[in-house]
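Breakdown of the fold
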Amino acid sequence: MGVGGDSRIGLLCKNDQPVFSTVAERLREAGHVVQFLDPRAPLSTSQIDDLSLLVNKQVFPHALPALRHARQTGTPLWNNLPATIAFSSRLVGLTALEAVGFRTPPVQFTKPEGEYVAKDFLIWDSDPELNGEGDFYQELIPTEPVDYKYYAVHDGSRVQTAGRRVTSKLYGPKRFLSRARDRPRLTARLRHLVERADLGGVGVDFVKDAQNRFWAVDINLAAGYRNTGLESALFESITASLPTR
């Protein structure tokens, strides 16, 4: 369990991100000092040393030395450093999704015949692109242009999940459509992923084919959790991650 107040919490996240702004206010009301840290700005070891906990919501390569410093000096990270580094690789992420039982599209390093999705190896290099150029390629799963985004947060005692339906970014700007219903088999595997990788929180993107099969296409440790109702779970998860006295 975490401490009951007066801790310094850094949120590696834009300060106008709606879900984490709400979570930050709840943390302040609980007596914690909360500071937003720009994920695109350099992160120094002195900033790490001032913190009780770093919530590494969004990570770019320039922050990795400071995160390694945090691990070496005992400042906890909300999502652990090995998982943060490993899941920055899309291929490692797909392997992890397969390991907990999700179906994923086959990967190849030459362009498939027909429509496909091009992806770069590292998540921060670019977004997936329909029929574009990339480091590797996956055949496009025939489906309506809708993504199913499922999220999981470990609140310190259990893993809470939520899902939503959004328009696919392959075809234009992402737009919220509706909450996605609970799917016990899918969410059980998602909980297993969180527990196996020792995560604070994660998002996984799925598409559904004409046979109503779900394909996991991306894993996201920088999830935004919008329209999920997981603000309380995130608050509890962050406070549970604080070091005990």
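Parameters at a glance
Residues numbered from 1 in each chain as written. Predicted model: local features only at pLDDT ≥ 70, side-chain atom pairs only at ≥ 80, totals over all residues. Heavy atoms only, no water. 1 Å grid on protein atoms, 1.4 Å probe; cavity = no way out; pocket = protein on both sides within 12 Å on 5 of 7 lines; lining within 4 Å. Points joined across faces, edges and corners; volume = space filled by probe spheres on them. Nonpolar A, V, L, I, M, F, W, Y, C, P; charged D, E, K, R; others polar. Salt bridge = Lys/Arg side-chain N within 4 Å of Asp/Glu carboxyl O. Helix = DSSP H or I, 4+ residues; strand = E, 2+ residues; numbered from the N terminus. Buried < 20%, exposed > 50% of the residue type's maximum accessible area, 1.4 Å probe, protein only. Pairing = 2+ DSSP bridges.

**Considering empty space enclosed by the protein**
Vacant regions in the atomic arrangement are exposed by a probe of water-molecule size rolled over the atoms. Taken as a whole and assessed by the stated rule, the structure comprises one cavity of 30 Å³ or more. Empty space within the largest cavity amounts to approximately 40 Å³. Along the walls of the largest cavity sit F87, S89, R90, G93, L94, I123, V217, D218 and I219, which together make up its complete lining. In terms of residue class, the lining of the largest cavity is built from five nonpolar, two polar and two charged.

**Quick notes on the pattern of salt bridges**
On inspection of all chains with the given rule, the structure shows seven salt bridges. For the salt bridge of K119 with D218, the shortest nitrogen-to-oxygen distance reads 3.8 Å. Here the residue K119 occupies a position in strand β5 (residues 116-119), and D218 occupies one in strand β12 (residues 214-220), the gap between them amounting to 99 residues. Take K119 and D218: they sit in the same class, and that class is buried. We note a salt bridge from K169 to D127, for which the minimum N-O separation is 3.7 Å. Placement of the pair is K169 in the loop between β9 (159-167) and β10 (176-180) and D127 in the loop between β5 and β6 (129-130), with a sequence separation of 42 residues. Among the residues examined, K169 registers a relative accessible area of 46% and is labelled partly exposed. The network of salt bridges with shared partners includes R90, K119 and D218.

**With respect to the pairing of strand β11 (residues 201-208)**
Of all eight residues in β11, eight are buried, a share of seventy percent or more. In β11, alternate side chains face the same way, and those of G201, G203, D205 and V207 on one face and V202, V204, F206 and K208 on the other are all buried. Of the pairings in the sheet, the one linking strand β8 (residues 146-154) to β11 comprises six bridges and is antiparallel in character. Across the sheet, the residue bridging to A152 is V202, located in β11. As paired elements, β11 and β12 share six bridges and run antiparallel to each other. Bridge pairing in β12 links V204 to I219. Hairpin remark: β11 followed by β12, antiparallel, with five residues in the connecting loop; positive phi at N212, about 60 degrees.

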